[in-house]
Amino acid sequence: DKKDDKKGKKDKKDKKKKKEDDFIEEKVCSMKEEKRIHRVTLTVSADTPVLKPFNATQIKDSKAVLKEYDDREEAIRKRASAFNALESYVYVTREKLESSEEMKNVTTEKQREEFTTQLNKMGEWLDEDGWEATTEVLSTKLGELKETGDPMFHRMREAIERPEAIRKAKEYLATALETLTNLTRQNTWLTEADSQIVTNKTDAIYEWIENVTTAQSKLEGSDAPAFEAREVYRRLDPLQEAYKRVARIPKPAPPKKEGKADKKGAGKNETEGEEGGKNETKAEEEDEGGLPNVDEGEKEGEEDTSGSGEKEEL
């Protein structure tokens, strides 16, 4: 029993000592490190250079250097533009050939397959050798693709725009004839021959439209078109001038009376008649108006049938 008591007391002392040691270690670990600030004195001196103006030789040399930089940057921009144009044409055109119904309507399966193969080869060339190609080479490569692609895009655009041009032309012709009818009712002195100045042109345009649409209906979508939309609008231009020509025809002067009428009164009547004729002619010119203009937006859109047209389609 005494041995057990001694052993228990010794264990208690060991535990107490261990707690004290733990407290000391915890206290030591919680101490903060002191921050030390080192101050160094810096000596600053300023040396301001004296700027002298350039002489003529230095100015000339500086301009030459700047021009060299500008030319180099311009060459880089042109090459990047040529590369992007070729790359864009390859990807966008390939997508059109694969998914555009309008493109499929104006090309054969063989044409699409051959052109797709050409585009794929060009895409591989761009990935392998295109990064080192010059601007001239890139532009030449794009021209080779457009020789095949431009006619396709032209047929596709025309297939969309021709029907709309024909519809607008027929509406315009109907409006022209209606306007001419109102003019002849107002200006009763106009004869059938006067009206034919306009009607002959409308008849000729109607006949031309019938002929070209018939010829177009006999062609395949992959054939070159029988006519272009811009031709339709150009046919309408002379009609405006013909109508103005008829509208400017003045009212004929009344016939002179013969006999022993009072010269003074006759002279007065003639003067009034002339003044009345002048006033009527002036009123006619003011009310001439003319036919409504052809849709200028359509005409301008039709004028562009070169490379820029294809870019819009892309």
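Because the structure is a prediction, the values reported are computed rather than measured.

(A) A look at the packing of aromatic side chains. Throughout the structure, instances matching the rule amount to two aromatic pairs. Both rings, one in Trp208 and one in Phe227, keep their centres 5.9 Å apart while their planes meet at 75 degrees; by these two values the pair is edge-to-face. In this pair, Trp208 is assigned in helix α6 (residues 192–217) and Phe227 in the loop between α6 and α7 (229–247), connecting sequence segments 19 residues apart. Both residues of the pair, Trp208 and Phe227, count as buried. Positioned above the aromatic ring of Trp125 is the side chain of Lys141, whose terminal nitrogen or guanidinium carbon lies 5.0 Å from the ring centre.

(B) Structural view of the packing of α6 against α7. Direction vectors running N to C along α6 and α7 enclose 170 degrees, while the axes themselves pass 8 Å from each other. Considering the angle they form, α6 stands roughly antiparallel to α7. Contacts between α6 and α7 pair Asp194, Ile197, Val198, Lys201, Thr202, Ile205 and Trp208 from the former with Glu231, Val232, Arg235, Leu236, Pro238, Leu239, Ala242, Tyr243, Arg245 and Val246 from the latter. In terms of residue class, the contact of α6 with α7 is made up of eleven nonpolar, one polar and five charged.

(C) Representation of a negative patch on the surface in the model. Side chains of Glu124, Asp127, Glu128, Asp129 and Glu132 sit close together on the surface and give a patch of like negative charge. For Asp127, the position within the fold is in helix α4 (residues 109–128). Among the residues examined, Asp127 registers a relative accessible area of 48% and is labelled partly exposed.

(D) A look at the environment of Tyr89. One can find Tyr89 in helix α2 (residues 56–99). Judged by relative accessible area, Tyr89 falls into the buried class, the value being 3%. Each C-alpha atom of the pair Tyr89 and Leu142 lies 7.8 Å from the other, and the pair is 53 residues apart in sequence.

(E) Here's a closer look at the pattern of salt bridges. Per the counting criterion, the structure on display carries seven salt bridges. Note that Glu68 is salt-bridged to Arg72, the shortest N-O span being 3.0 Å. Residue Glu68 and its partner Arg72 are both found in helix α2; the two are separated by four residues, about one turn of the helix. A relative accessible area of 43% means that Arg72 is categorised as partly exposed. A salt bridge links Arg167 to Glu164, with the shortest nitrogen-to-oxygen separation between them at 2.5 Å. Of the two residues, Arg167 and Glu164 both sit in helix α5 (residues 135–186), three residues apart, roughly one turn of that helix. Taking the relative accessible area as the measure of exposure, Arg167 reaches 38% and is therefore partly exposed. It is possible to trace a salt-bridge network through shared partners that takes in Glu164, Arg167, Lys168 and Glu171.

(F) Representation of the nonpolar core within the structure. Within the largest apolar cluster, 26 residues are counted, with the highest numbers of intra-cluster contacts made by Val198, Ile209, Val232 and Val246. For this core, the secondary structure elements donating two or more residues are α5, α6 and α7. By residue number, the principal contributor to this core is α7, which donates nine residues. For Val246, the residues in contact, after removing those within four places along its chain, are Leu180, Leu183, Leu190, Asp194, Ile197 and Val198. Listed in part, the 20 residues of the second largest apolar core include Phe83, Leu119, Ala133 and Met156.

(G) Up close: a nonpolar patch on the surface. Residues Val40, Leu42 and Val44 make up a contiguous nonpolar surface patch of roughly 390 Å² in combined accessible area. If you trace the backbone, Val40 turns up in the loop between α1 (2–29) and α2.

(H) Region of interest: the confidence of the model for the protein. For the protein, the mean per-residue pLDDT works out to 81, and 71% of the residues sit at or above 70. Overall, residues 296–314 carries pLDDT values under 50, and its contacts beyond four positions in sequence, including any with other chains, amount to 36 contacts.

(I) Region of interest: the side chain of Gln216. Among the secondary structure elements, Gln216 is positioned in helix α6. Look at Gln216 and you get buried, because its relative accessible area is 16%.

The rules behind each value
Residues numbered from 1 in each chain as written. Predicted model: local features only at pLDDT ≥ 70, side-chain atom pairs only at ≥ 80, totals over all residues. Heavy atoms only, no water. Phe/Tyr/Trp six-rings, centres within 6.5 Å; stacked < 30°, edge-to-face > 60°. Helix = DSSP H or I, 4+ residues; strand = E, 2+ residues; numbered from the N terminus. Buried < 20%, exposed > 50% of the residue type's maximum accessible area, 1.4 Å probe, protein only. Lys NZ or Arg CZ within 6 Å of the ring centre and 35° of its normal. Axes fitted to C-alpha atoms, helices over the stretch in contact; angles between N-to-C directions. Parallel < 35°, antiparallel > 145°, perpendicular 65-115°, else oblique. Contact = heavy atoms within 4.5 Å. Nonpolar A, V, L, I, M, F, W, Y, C, P; charged D, E, K, R; others polar. Patch = residues over 30% accessible without salt bridge, like charges linked within 9 Å, V, L, I, M, F, W, Y side chains within 5 Å. Areas by Shrake-Rupley, 256 points an atom, 1.4 Å probe, with all protein chains shown as cover. Salt bridge = Lys/Arg side-chain N within 4 Å of Asp/Glu carboxyl O. Lys, Arg positive; Asp, Glu negative; His and termini not counted. Charge placed at Lys NZ, Arg CZ, Asp CG, Glu CD. Core = buried A, V, L, I, M, F, W, Y, C linked by side-chain atoms within 4.5 Å. pLDDT = per-residue confidence, 0-100.

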